[in-house]
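Summary of the model geometry
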Amino acid sequence: YIVGFSAGGDGVYQLAPRMSDKFAGAGMMAGHPNETLPDGLRNVAFALHVGADDAAYERNKIAGQWGEKLAALQQDDKEGYAHQVVVHKGKGHWMDKEEASALDWLAQFERNPYPQKIVWIQDDVLHNRLYWLGVDEPKPKTKIVASIDGQTITIHETDVKKMTIYLNDTMLDLNEPVVVVYNKRELSTTEAVRDRIVIQKTLRDPKDYYTAQIQVELP
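The following refers to the structure shown. In this text the structure is predicted, and so the values were computed from the model without any measurement.

**As for the overall build of the chain**
Within the chain one finds 4 helices and 13 strands. Against the globule reference of 17 Å for 219 residues, the chain gives a C-alpha radius of gyration of 19 Å, in line with a compact fold. Along the longest, intermediate and shortest principal axes, the C-alpha atoms of the chain span 60 × 35 × 30 Å. Burial status across the chain gives 49% buried among its 219 residues. For the chain, restricting intrachain contacts to residue pairs at least 6 apart in sequence, the fraction spanning at least 24 positions comes to 56%. Per element, the accessible surface of the chain, about 11100 Å² overall, is 50% carbon and sulfur. Put simply, the chain has 25 plus and 32 minus side-chain charges, and the middle of one group is 2 Å from the middle of the other.

**Here we look at the pairing of strand E4 (residues 83-88)**
With 6 bridges joining them, strand E3 (residues 45-51) and E4 adopt parallel strand pairing. In the strand pairing of E4, Phe46 is matched with His83. On the question of chirality, the crossover connecting E3 to the parallel E4 by way of helix H2 (residues 59-76) is right-handed.

**Remarks on the sheet that holds strand E12 (residues 185-190)**
Across the sheet, which stays open at both edges, the 5 strands sit in the order E5-E8-E9-E11-E12 with mixed pairing between neighbours. On the outer flanks of this sheet lie strand E5 (117-121) and E12, each paired with one strand and no other. When strand polarity is set aside, the average angle formed by the axes of neighbouring strands in this sheet is 20°. In this structure, strand E8 (residues 143-149) lies alongside strand E9 (residues 152-158), joined through 6 bridges in antiparallel fashion. Residue Ile148 lies in a different strand from E9, and its bridge partner there is Ile153.

**Things to note about helix H1 (residues 7-18)**
Its 12 residues place the ends of H1 17 Å apart at the C-alpha level, agreeing with the 16 Å of an ideal helix rising 1.5 Å per residue. Taken together, the buried positions of H1 are Gly9, Val12, Tyr13, Gln14, Ala16, Pro17 and Arg18. Along its buried surface, H1 packs onto strand E1 (2-5), strand E2 (25-29), E3, H2 and strand E6 (129-130).

Parameters at a glance
Within any chain, residue numbers begin from 1 and follow the written order of that chain's sequence. In view of the model being predicted, local features appear only for residues whose pLDDT reaches at least 70, and side-chain atom pairs are presented and counted only at 80 or more, with totals across whole chains, interfaces and linings using the full set of residues. Values shown for side chains rest on all heavy atoms present in the structure; no hydrogens or waters enter the calculation. Numbering of helices and strands runs from the N terminus; a helix is a DSSP stretch of H or I covering at least four residues, while a strand is a stretch of E covering at least two. Two things to know: the radius of gyration comes from C-alpha atoms, and the globule rule equals 2.2 Å times the number of residues to the power 0.38. Between buried and exposed lies partly exposed: a residue is buried under 20% and exposed over 50% of the maximum accessible area for its type, with that area taken using a 1.4 Å probe on protein chains only. What makes two residues a contact is simply this: any of their non-hydrogen atoms within 4.5 Å. Computed with a 1.4 Å probe, the accessible areas rest on the Shrake-Rupley method; for each residue, only the protein chains presented here act as cover. Counted as positive: Lys and Arg. Counted as negative: Asp and Glu. His and the chain ends are not counted at all. The atom standing in for a charge is NZ when the residue is Lys, CZ when it is Arg, CG when it is Asp and CD when it is Glu. Two strands pair under a simple rule: DSSP has to find at least two bridges between them. Assignment of crossover handedness uses the view with strands pointing away from the viewer, where a clockwise path from the first strand over the helix to the second indicates a right-handed crossover. Structural elements are reduced to axes, namely lines fitted to C-alpha atoms, with helices fitted over the stretch in contact, and the angle between N-to-C directions of any two is expressed from 0 to 180 degrees. Helix span, expected: 1.5 Å multiplied by one less than the number of residues in the helix.

This is the structure:
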């Protein structure tokens, strides 16, 4: 989990979508998102608490806008975007610790290292991997949306032409062919080979690693 207040809340707005594969949940208290978008929070429980009178930098107004955006994202993707947005009436930048109610809500969530769907938007701080997707040459503001259903991996949206898909036996059956689909077109049917080098490259903890990979180059 990650929690931050004021400037620390600014940081949570930034880090939670950018590093969503690291967290079960994030608590943003009395901060400002700057240019960050909520789309990358698909697999992170996000608590947002701001005082209704906290008008500096329009923190209160923007909190309401983020609440609407998160609700709209969840409406379109009901298995993602768990959120709790509270604008505390009569409170300013200091909320008299009412924001602590977020902790009990966040505590019900556990990090899922292998979500069935990923929404990955690169920020200005670049990363080579998010969950089971990787890119060799990350670029700012690029977006990939991908999902797994059975033995089929679907790339729904992408600004990236080349990517790596990391796999393991928790996600699907590596003894069976893996199908990759993009734009309603089958790109490949591949035998994914288990490889210790992939384990070495991706091992983060005993519950978070991959055993095979597929290289994808879009037409």
